[in-house]
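As a plain string of letters, each chain reads:
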Amino acid sequence: MTDLIKAGLEDVVISTSEICFIDGQQGRLLYRGYDIDDLVVHSTFEEVVYLLWYGALPTRKELDAHVKALAASRRLPARLIGILKNLPRKTVPMEVLRTGVSALSAFDPDERDNSREATLRKAIRLAAQMPTLVAAWERIRRGKEPVAPNPRLGLAANFLYMLSGRKPTELEAKTFDVALILHADHEYNASTFAARVTAATLSDLHSAVTSAIGALKGPLHGGANEQVMLMVDQIKEPARAETWIRKALADKARIMGFGHRVYRVEDPRAKHLRRLAAELGRQAGNTAYVGILDTVARVVTAEKHIYPNVDLYSGAAYAIMGIPADQFTPIFALSRIAGWAAHVLEQHAHNRLIRPRAEYTGPTQATYVPISQR
Ligand SMILES: CC(C)(COP(=O)(O)OP(=O)(O)OC[C@H]1O[C@@H](n2cnc3c(N)ncnc32)[C@H](O)[C@@H]1OP(=O)(O)O)[C@@H](O)C(=O)NCCC(=O)NCCS
């Protein structure tokens, strides 16, 4: 049996899926067959959500109805806001999101219904409510009242508005929308797998998403862009970047924002986030972050032949917009709910309980000794 063990399930294919395709050699990422390079130019996050859940691009009428349903579902139950207000102010945002999503199921009218139609209704509510939850916590922990959602704004713009109380610029809203599109799905990553394992017991969407949020919270999955910004803070200015990164490489440090289990070339999402972070930086008068990261990318790529991943420039874009670093992973979740829900629907449609085996290496002949004799 030992020969069959694949630590970390590396390269193990456990089922088929029609949702997301990653070509790690060519650096391509497709949602339902559509290249993300096209989607970031022509689509919106709301349309990508539709594409992932229903498997095809919507007509104008379908998209309008979908956008309207999402916008109409953003408010949180007052009692949920009460739960948030009762949490210690120091609670980290990912824990608040995990707790909030789990609690939302208690208020959901479809809580006991796991049909496809009910799961889609719950998915709409969760995708609409999660941004409100994340923004509300940011306000509450600063001692401010949450900002009510504005149904006239798109999902991305409305999130930025609820976070700061100020309507975002067009570039900020576009950047955030593109970031949401780029994080929407990524095949069987750890959090999606966690969601599918939970869904495969025929458990419900809120439980699957709560599992996924727990998996996303870990630093090996969702937390790398926060680490990138810690590096940027240490480097401080572009002129210091080359010396700093050469020393880090000489010290054999792991450089956050580089390398990937699947991509052997540059992550196709990185270039879009670089372009938008650079544009935002120019508009905000902050060119230092991208200047530092460009030097780091040039040196790491030349010296180690490992390439930027999605996390290299996303944190810089968020930081330029004034978003605190510990909100970067919750923001990832606001987007990935699209993929998690698509995978739960797919799992339920062709379900088989996910239950692997372990090779037992413990004792087999232990003799029970009564506690008085131990
Ligand atoms: C993402 C990641 C975990 C993938 O790791 P993996 O597929 O298990 O690859 P390995 O950790 O086995 O690395 C293979 C080689 O590349 C090197 N390497 C990979 N990523 C590296 C990085 N970010 N910095 C420095 N070296 C790195 C490893 O040291 C190793 O070198 P070696 O063969 O000389 O020992 C890894 O690249 C990493 O830790 N990156 C930084 C964290 C990050 O940005 N995560 C977000 C991913 S989207």
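Located above this text is the structure these notes cover.
The structure displayed is predicted, hence computed values, not measured ones.

Asks: Quick question: what am I supposed to make of the environment of His 350 here?
Replies: Within the secondary structure layout, His 350 lies in the segment after α16 (328–349). Given 9 C-beta atoms within a 10 Å radius, His 350 is considered exposed. Here the alpha-carbon distance between His 350 and Thr 16, two residues 334 residues apart in the chain, equals 10.0 Å.

Asks: How do you make sense of the packing of helix α2 (residues 45–54) against helix α3 (residues 60–72) when you look at a structure like this?
Replies: A pair of packed helices is captured by two measures, namely the crossing angle of their axes and the spacing between those axes. Contact pair α2 / α3: the axes reach a minimum separation of 10 Å and the direction vectors enclose 105 degrees. Classified by the interaxial angle, the pair formed by α2 and α3 is roughly perpendicular. Packed against α2, whose contacting residues are Glu 46, Glu 47 and Tyr 50, the element α3 presents Leu 63, His 66, Val 67 and Leu 70 at the interface. Here the residues of the contact of α2 with α3 sort into four nonpolar, one polar and two charged.

Asks: When you look at helix α15 (residues 311–320) in this model, what are you seeing that I'm missing?
Replies: Residues that lie three or four places apart on an α-helix share one face, since the helix turns once every 3.6 residues. Burial analysis of α15 places ten of its ten residues in the buried class, the great majority of the element. All of the buried residues in α15 are Asp 311, Leu 312, Tyr 313, Ser 314, Gly 315, Ala 316, Ala 317, Tyr 318, Ala 319 and Ile 320. Residues of α15 that are buried make contact with α8 (170–182), α11 (224–235), α13 (270–284), α14 (288–304) and α16. Among the residues trailing α15, Gly 322 stands out with phi positive, at a value near 85 degrees.

Asks: Explain the pairing of strand β2 (residues 28–31) to me, please; I cannot follow it from the model alone.
Replies: Look at any regular strand and the pattern is simple: side chains alternate between the two faces of the sheet. Burial of β2 is one-sided: the residues Leu 29 and Tyr 31 facing one way are buried, the residues Arg 28 and Leu 30 facing the other way are not. Bridging between strand β1 (residues 20–23) and β2 involves four bridges; their strand directions are antiparallel. Looking at β2, one finds that Cys 20 is bridged to Tyr 31. Linking β1 back to β2 in an antiparallel pair, the connection comprises four residues, with Gly 27 at a positive phi of about 70 degrees. Inspection of the sheet shows β2 paired to strand β3 (residues 34–35) by two bridges, in the antiparallel sense. Opposite Leu 30, over in β3, you have Asp 35 as the bridge partner. In this structure, the hairpin formed by β2 and β3 is closed by a connection of two residues, where Arg 32 is found at a positive phi of approximately 50 degrees.

What counts, and at which threshold
Residues numbered from 1 in each chain as written. Predicted model: local features only at pLDDT ≥ 70, side-chain atom pairs only at ≥ 80, totals over all residues. Helix = DSSP H or I, 4+ residues; strand = E, 2+ residues; numbered from the N terminus. Buried ≥ 20, exposed ≤ 12 C-beta atoms within 10 Å, placed from the backbone. Axes fitted to C-alpha atoms, helices over the stretch in contact; angles between N-to-C directions. Parallel < 35°, antiparallel > 145°, perpendicular 65-115°, else oblique. Contact = placed C-beta atoms within 7 Å. Nonpolar A, V, L, I, M, F, W, Y, C, P; charged D, E, K, R; others polar. Pairing = 2+ DSSP bridges.

In short, the description is geometric, and any link to function would need to be established separately.
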